[in-house]
Amino acid sequence: MKRRDLLYYGLSSWAACRVQSGLLPTQASRNAIAPISPDTSQVHPALSSQESTRSHPKPTLKQRAAAKNIIYGAECGTLSLAEEPDLAEAIAQECAMLVIGCLKWQYLRPTPYTYDFTYADGLAEFARQQNLQMRGHTLVWHIEQPQWFQEIVNPQNAERVLVEHIQTVMQRYAGRMHSWDVVNEAIQPQDGRSDQLRQSPWLNLLGSDYVDLAFHIAADTDPDTLLVYNDYGVEYDTADHESRRMATLNLLERFKTKGTPVHALGIQSHLVGDQSDFNPERFRRFLGDVASLGFKILITELDVIDQKLPANIQQRDRRVAQVYQEYLDVVLDEPAVIAILQWGLSDRHTWISQFFPRPDGLPSRPLPLDAELKRKPAWSAIAQAFDRSTR
Ligand code: XIL
């Protein structure tokens, strides 16, 4: 089992304690998200004394992206923006889209019979107030399932449970979601199946057609949103990534052959700072192959894992910026790419510090803004990639 999967499988117990132990923000705190005031005197004190996105006359990332018909956005990386008005402001400034990254069973389903939308509604309301587009992540995944799932769901009731979940969650935001990651990470060639699908609880319960079923339910529930199949590990010139690229193309072809209503491929793109195997032409060809099958492409969780980069911040930031630049120069050349979405905007909240911690214990620095929301070399590299693009 790959390190990443090992990291993941340790996740559900950790995530479960967060949901059940009341560590989630209270209803009152979540309701406290105030619209970002246009009056700079209202800017969060921590922000006013520092260089902030607001003080920059330069166009923001969303503006530069929009000039090239790209939606730029981010998952906010925290359960609530109510306690962090400075981060909320940075997201509103830099992003045209907010990824509601907690629309996962673990957060929405405290019991088999109840839903808790408090947190997701809080972020959706923030998006509405700030006129941000939003997208939902994720309706079907093998990780971050509630503790009760494996006790309650069985082959006899699994389809009904799946239908009810997708309908209930999508109907709540119907007409407001730019797109949904309907199924996340269904591919795992290492599991040895001829269809290269992952041996997941959903596959064990419903068979390999669970993927197609999920998309049909989603299409019937909200015909006005883009339905995305989302996965990882296709960016580098390695045997593992080649295997995953082939499996991804096979799955997309299967969707086409079966008439499964999938509109786009989501490519997570958790890039690796010390990885030297990025082959621009190989990745460019893969993007072209996906586009040739008629699918749009969203980069859905972009960040750069700096776990094995030097401790020196200037060196580390420079390498992270270079990775963003090399990658985006390829991605932005593909007309089928419609969105660049990051998994977090600021180093203050990144999953990488938890799942790919540095051996020296230094904080991870994978994102365009540092923990104090100051723009880093990565911000400039992303901005320049948008400006340089001739799309
Ligand atoms: C991560 C979240 O950011 C963490 O907070 C959580 O503990 C684990 O999941 N790919 C995905 C996302 O599709 O759902 C994962 O999000 C990161 C990897």
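Residues numbered from 1 in each chain as written. Predicted model: local features only at pLDDT ≥ 70, side-chain atom pairs only at ≥ 80, totals over all residues. Heavy atoms only, no water.

Describe the packing of helix H15 (residues 313-331) against helix H17 (residues 377-388), listing the residues and the values that go with them.
The geometry of H15 relative to H17 is characterised by a closest axis approach of 8 Å and an angle of 20° between their N-to-C directions. One way to sum up the angle between H15 and H17 is to call them roughly parallel. Between H15 and H17 lies a crossing of right-handed hand. Packed against H15, whose contacting residues are Asp 317, Val 320, Ala 321, Tyr 324, Gln 325, Leu 328 and Asp 329, the element H17 presents Pro 377, Ala 378, Ala 381, Ile 382, Ala 385 and Arg 388 at the interface. (Axes fitted to C-alpha atoms, helices over the stretch in contact; angles between N-to-C directions. Helix = DSSP H or I, 4+ residues; strand = E, 2+ residues; numbered from the N terminus. Parallel < 35°, antiparallel > 145°, perpendicular 65-115°, else oblique. Left-handed = near helix turned anticlockwise from the far one by under 90°. Contact = heavy atoms within 4.5 Å.)

Mind laying out helix H12 (residues 210-221), listing which residues take part and the relevant values?
It helps to recall that an α-helix has 3.6 residues per turn; residues three or four apart then point in one direction. The end-to-end C-alpha distance of H12 is 16 Å, a good match for the 16 Å that 12 residues give at a rise of 1.5 Å each. Within H12, burial applies to Tyr 210, Val 211, Asp 212, Ala 214, Phe 215, Ile 217, Ala 218 and Thr 221. In the core, the buried residues of H12 are packed alongside strand E3 (133-140), helix H10 (158-172), strand E4 (177-184), helix H11 (201-206), strand E5 (226-231) and helix H13 (239-258). (Expected span 1.5 Å × (residues − 1). Buried < 20%, exposed > 50% of the residue type's maximum accessible area, 1.4 Å probe, protein only.)

A description of the pairing of E4 should follow, citing residues and the corresponding values.
In terms of burial, E4 is a largely internal element, eight of the eight residues being buried. Pairing of E3 with E4, which is carried by five bridges, proceeds in the parallel orientation. Bridged to Met 134 within E4 is Met 177. (Pairing = 2+ DSSP bridges.)

Before we move on, could you go through unusual backbone geometry and cite the residues and values that matter?
It is generally the case that most residues other than glycine have a negative phi and that most peptide bonds are trans. The peptide bond linking His 137 to Thr 138 adopts the cis configuration, its omega dihedral lying at 0°. Tracing the backbone shows Thr 138 in strand E3. Phi angles above zero are rare outside glycine, and Ser 269 is one such case at about 60°. The topology assignment puts Ser 269 in the loop between strand E6 (264-267) and strand E7 (270-272).

None of this, on its own, says anything about what the molecule does.
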